[in-house]
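# Analysis of the macromolecular model
Given next are the chains, with one letter for each unit.
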Amino acid sequence: MPFAFRTHHRPLTAHVLDDPAIVHVFPIAGQPFHLRSGPGLAFAVIDRLAPGGELRVDGQVTDNDGFVWWRADSGDRWVRSDIVTVVEGECRNLPTINA
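For the structure given in this document, a descriptive report is provided here. (Residues numbered from 1 in each chain as written. Predicted model: local features only at pLDDT ≥ 70, side-chain atom pairs only at ≥ 80, totals over all residues. Heavy atoms only, no water.)

The full count for this structure, using the stated rule, is five salt bridges. Put simply, arginine 56 and aspartate 73 hold a salt bridge, and the shortest N to O gap is 3.6 Å. In this pair, arginine 56 is assigned in strand S6 (residues 54-62) and aspartate 73 in the loop between strand S7 (68-72) and strand S8 (78-80), connecting sequence segments 17 residues apart. For arginine 56, a relative accessible area of 32% puts it in the partly exposed group. Overall, aspartate 73 belongs to the partly exposed group, its relative accessible area being 35%. A salt bridge links aspartate 82 to arginine 80; its shortest N-O distance comes to 2.6 Å. Here aspartate 82 falls in the partly exposed class, since its relative accessible area comes to 42%. One network of salt bridges, with partners in common, ties together Asp47, Asp76 and Arg77. (Salt bridge = Lys/Arg side-chain N within 4 Å of Asp/Glu carboxyl O. Helix = DSSP H or I, 4+ residues; strand = E, 2+ residues; numbered from the N terminus. Buried < 20%, exposed > 50% of the residue type's maximum accessible area, 1.4 Å probe, protein only.)

On to the nonpolar core, then. Counting 14 residues, the largest nonpolar core has Val23, Leu55, Val57, Trp70, Val79, Val84 and Cys91 as the members making the most contacts within it. Where this core is concerned, the elements lending two or more residues are strand S3 (21-25), strand S4 (33-36), S6 and S7. Residues contacting tryptophan 70, with those up to four places away along its chain left out, are Val23, Val57, Gly59, Gln60, Arg77, Trp78, Val79, Ser81, Val84, Val86, Cys91 and Leu94. (Core = buried A, V, L, I, M, F, W, Y, C linked by side-chain atoms within 4.5 Å. Contact = heavy atoms within 4.5 Å.)

Turning our attention to the environment of cysteine 91. Counting through the fold element by element, cysteine 91 comes out in the segment after strand S9 (84-88). With 70 residues separating them in the primary sequence, cysteine 91 and alanine 21 have C-alpha atoms 6.2 Å apart. The residues contacting cysteine 91, other than those within four sequence positions of it, are Ala21, Val23, Val57, Gln60, Trp70 and Val86.

What follows is the structure, given as C-alpha cells:
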C-alpha cells in the first residue's frame, strides 16, 4: 500500500520495497544528523541519527533545491542523501516518490 505525504502543497506517494537499503552516516565533526518529518529543510527536525548509526530507507524524492532525500522505512523520518553513505543495498534503485 503506498504512503501519502504533503510537501509544498503537492501530494506525494511512494511504493514500499520489501527489502529496503541500509544507510550509514558519515562521522562529520562527530555531530548527529537531523532526521526530518519530510523531504526538505523546511520540515521539522523530529529525531537525530548519531555518527555510526544506521537507518533503513525505502524511498526517495528530490526536493525543490535538487537534493535527494531518503525516507526511513518507518515512513515518518527523512535524511538527505549527501550526508550519509550506503553500507548495504542500492539506494539509487529505491522507488521515487512521485508528485
